[in-house]
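The primary structure of each chain is shown beneath.
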Amino acid sequence: MPKRVFCKFFAHGACLKGEHCEYSHDWKDPPNNICTFYQKGLCAYGSRCRYQHVKAERAQSSASSSSIISQQFVVSDSISLPHSSSTSSKGIAFIPGAVSELSALSRPFVLPKPPAWKQEYEQSDFLDGGDVGETSVTPADLPICSFAAAGDCPRGEKCPHVHGDLCPTCGKHCLHPFRPDEKEEHLRTCNKKHKHLEALKHSQEIECSVCLERVLLKPTAAERKFGLMSECDHPFCISCIRNWRSSSPTSGFDVNSALRACPICRKLSYFVVPSVVWYTSKEEKQEIVNSYMAKLKSIDCKHFDFGNGNCPFGTSCFYRHTVKPGSYVWKHHRPPPRRPTPRRSNVVEMDALLDMFEHLEGMECYSPEDLDSEDTNTWEMGLLFSLMGFDTSDSSSDEEFIF
Amino acid sequence: MMDFARVQKELQECSKDIEGSGIRVTPKTDATLARLVGTIPGPIGTPYEGGTFQIDINLPDGYPFEPPKMQFATKVWHPNISSQSGAICLDILKDQWSPALTLKTALLSVQALLSAPQPDDPQDAVVAQQYLKDYQTFVGTARYWTESFAKISSLGVEEKVQKLVEMGFPEALVRGTLESVGGDENLALEKLCSG
């Protein structure tokens, strides 16, 4: 019988068995194109699978015994999946001999003849397999039908599995009737997901008033983000608004009155929050801002440097100030003196502060470049020297050090 | 680096509403979008009524984060516009610029400036003095300047159109080109021939 099914290795020109192959090498014979994974309800390829997705009852025997489809309209009440328990238990016992023979001849692996499932055929379902033998099965332990959970179960009423309750948000039978925790969890996440999708749909239309483009149609993912002004509700893309706010003071704009202001209503905003969606209500905005703040609070402040640095924002810093044992703050209970900034005079200190604010806003790009590396190096060198007992401020000691 | 996509969009937006606002923005040359010419009609009820004023626009590299540089190409008698250079004294073109403003809104502001002079913050002291001390003379001079400089292009336009049409160019194209070069017949001919 297997002789009538076309060999798939031969079809690829790769059958090593030649004359001895148990499958047909005649192009006229029909190939076995049935996906066995689908029959178990587990094909990961879905509609992209290159094998036929035939329901189990139709292709019952053809799946593994390789008989022709037209011959096997076997009607069975319980849906049985061949290949499963039989190959996993009996089949393995059968294989060792076959394997040694195959490996010796370096042949591709094929099911031994006669197929293992025929030896001892159990009318048990693959999915139910584990539960059959057990006596104490609570309903909560039973899995729900994955087809119904995905949207539609082709077996309908006749399905041997528990069909989940209908989720009102996603419209799928995916709520396990006997697992309340899971049910609640699903309802919560599903609701959240749904809201996010709605917001995303809403956000599609929104244009940035600076580049005049739709924010979510920008070419790169990094650009497809809104910049939420803390004090007003005008939409911009994050790159545009950051660009504007970080314009150099030399451009003639006043930092406090022009650059920090909304380009549209000129209301001053102290910070900008990046977000992938635009909000429709005050509460939504607050939620986005809060989660952003929470995210920032989980990151250690670079300026504070675990108690060794001086953060210009002090206690109102958005980032976490963790004091490490042995650090300056830990020892002296006050922040270390601010290191001199030779590039800036005291007059523009406010600008410098706001500049740093801008750096902090660029949370995603909170990288080592944030700190002026040259600055840090000289400062660290100084620290090192002072630890070694050298006085870097005294030039004569420098000379002594050299000679 | 300048955002040419935005400039392109602004030009499209502006050409859509040419009937409503009367404001026109066209590239000076085909080579670049950084040099443009804006045209605004003189506001009705002012000495500038009936005139068409041309403004040279230079877009800096930082546009739209830096304001466009605008200067009257047409001579204007106005306290806030230099009668010599055409420099405009307008806050939104300087420190009050916002990236949400566009060329069109900036030109609208310039048009509004024509109808509401600010002699206390003058660009041209002579004009401002005249505006404050002898308003009648100011109106007369402004009107005279409008007649002599802002209307030249429209004088004899029909003749020029006829001439160019006779050379074999379609009339609509001729009118458009003439308008874009400010009524200069030779420039129009050059432009028609090149493209």
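Residues numbered from 1 in each chain as written. Chains lettered and ligands numbered in written order. Predicted model: local features only at pLDDT ≥ 70, side-chain atom pairs only at ≥ 80, totals over all residues.

**Remarks on the overall build of chain B**
Assigned secondary structure in chain B consists of eight helices and four strands. Taken from the N to the C terminus, the helices and strands of chain B come in the order α-α-β-β-β-β-α-α-α-α-α-α. For chain B, with 195 residues in total, the buried portion stands at 35%. (Helix = DSSP H or I, 4+ residues; strand = E, 2+ residues; numbered from the N terminus. Buried ≥ 20, exposed ≤ 12 C-beta atoms within 10 Å, placed from the backbone.)

**Here we look at the nonpolar core**
Counting residues in hydrophobic clusters, the biggest one holds 62 residues, and the most contacted among them are Cys208, Cys237 and Cys240 of chain A together with Ile55 and Val110 of chain B. Among the elements that line this core, the one with the most residues is helix H3 (residues 103-115) of chain B, at six residues. Residues contacting Ile55 of chain B, with those up to four places away along its chain left out, are Gly38, Ile40, Met70, Gln71, Phe72, Ala73, Leu107 and Val110 of chain B. Of all hydrophobic cores here, the second largest spans six residues; its members include Ile144, Ala148, Cys174 and Leu175 of chain A. (Core = buried A, V, L, I, M, F, W, Y, C linked by C-beta atoms within 7 Å. Contact = placed C-beta atoms within 7 Å.)

**Here's the deal with the pairing of strand E3 (residues 52-58) of chain B**
Residues and elements named next belong to chain B. Burial within E3 is extensive, with five of its seven residues counted as buried. Pairing of strand E2 (residues 35-41) with E3 involves seven bridges; the strand directions are antiparallel. Bridged to Val37 within E3 is Asp56. Pairing geometry for E3 and strand E4 (residues 69-72), over four bridges, is antiparallel. Within E4, the position partnered with Asn58 by the bridge is Lys69. (Pairing = 2+ DSSP bridges.)

**Concerning the confidence of the model for chain B**
All names here are of chain B. In this model, chain B carries an average pLDDT of 87, and 95% of its residues clear a pLDDT of 70 or more. Mean pLDDT values over the elements of chain B span from 78, in helix H6 (residues 157-166), up to 94, in E4. If you check the scores for this complex, the pTM reads 0.57 and the ipTM reads 0.72. (pLDDT = per-residue confidence, 0-100.)

**Observations concerning helix H5 (residues 135-150) of chain B**
Residue and element names in this part refer to chain B. The end-to-end C-alpha distance of H5 is 21 Å, a good match for the 22 Å that 16 residues give at a rise of 1.5 Å each. Burial in H5 covers these residues: Phe138, Ala142, Thr146 and Ala150. Take H5 and look down its axis: the buried residues cluster within an arc of 70°, on one side only. H5 presents Gln136, Thr137, Tyr144 and Ser148 as exposed residues on the side facing more than 90 degrees away from its buried surface. On its buried face, H5 is in contact with E3 and helix H4 (125-133). (Expected span 1.5 Å × (residues − 1). Arc of directions from axis to C-beta.)

**A short note on the pairing of strand E1 (residues 226-229) of chain A**
All names here are of chain A. Of the two faces of E1, the one lined by Phe226 and Leu228 and the one lined by Gly227 and Met229 are each fully buried. Summarising the sheet, E1 and strand E2 (residues 236-237) pair through two bridges and their orientation is antiparallel. In the strand pairing of E2, Phe226 is matched with Cys237. Counting the residues between successive antiparallel strands, the hairpin from E1 to E2 contains six residues.

**A word on the UniProt feature "domain: C3H1-type" (unreviewed entry) in chain A**
All names here are of chain A. Residues given the UniProt feature "domain: C3H1-type" (unreviewed entry) here are residues 1-28, 29-56, 139-166 and 295-324. Taken as a whole, residues 139-166 contains 18% helix and 0% strand, while its terminal C-alpha atoms sit 18 Å from one another. Annotated as 10% helix and 0% strand, the span residues 295-324 places its first and last C-alpha atoms 21 Å apart. (UniProt positions renumbered as here; feature names shortened; annotations may be inferred.)

**With respect to the sheet that holds E1 of chain A**
Strand pairing within a sheet occurs via backbone hydrogen bonds; the two strands may be parallel or antiparallel. Residue and element names in this part refer to chain A. Reading across the sheet, the three strands line up as E2-E1-E3 and stay open at both edges, with antiparallel pairing between neighbours. Two strands lie at the open edges of the sheet, namely E2 and strand E3 (272-275), each paired on one side alone. Relative to the sheet, helix H11 (residues 282-297) contacts E1 and E3, its axis offset from that of E3 by approximately 95°. (Axes fitted to C-alpha atoms, helices over the stretch in contact; angles between N-to-C directions.)

**Structural notes on the sheet that holds strand E1 (residues 24-27) of chain B**
All names here are of chain B. Spatially, E1-E2-E3-E4 is the arrangement adopted by the four strands of the open sheet, whose pairing is antiparallel. The open sheet is flanked by E1 and E4, the only strands paired with a single partner. Each adjacent strand pair in this sheet contributes to an overall mean axis angle of 25°, direction not counted. Across the sheet, H3 lies against E1, E2, E3 and E4, angled at about 45° from E2, the strand it touches most.

**Topic: the environment of Val162 of chain A**
All names here are of chain A. Locating Val162 in the fold gives a position in the loop between helix H7 (146-150) and helix H8 (180-203). Note: C-alpha distance between Val162 and Ser146 (16 residues apart in sequence) is 9.4 Å. Beyond its immediate stretch of four places on either side in the chain, Val162 contacts Leu142, Ile144, Cys145 and Pro177.

**Some thoughts on the environment of Cys262 of chain A**
All names here are of chain A. Residue placement: Cys262 occurs in the loop between helix H10 (255-259) and E3. With 21 C-beta atoms packed within 10 Å, Cys262 lands in the buried category. C-alpha of Cys262 to C-alpha of Cys232: the two residues are 30 residues apart in sequence and 7.5 Å apart in space. Each residue touching Cys262, except ones within four places of it in the same chain, is listed here: Met229, Cys232, His234, Lys267 and Ser269.

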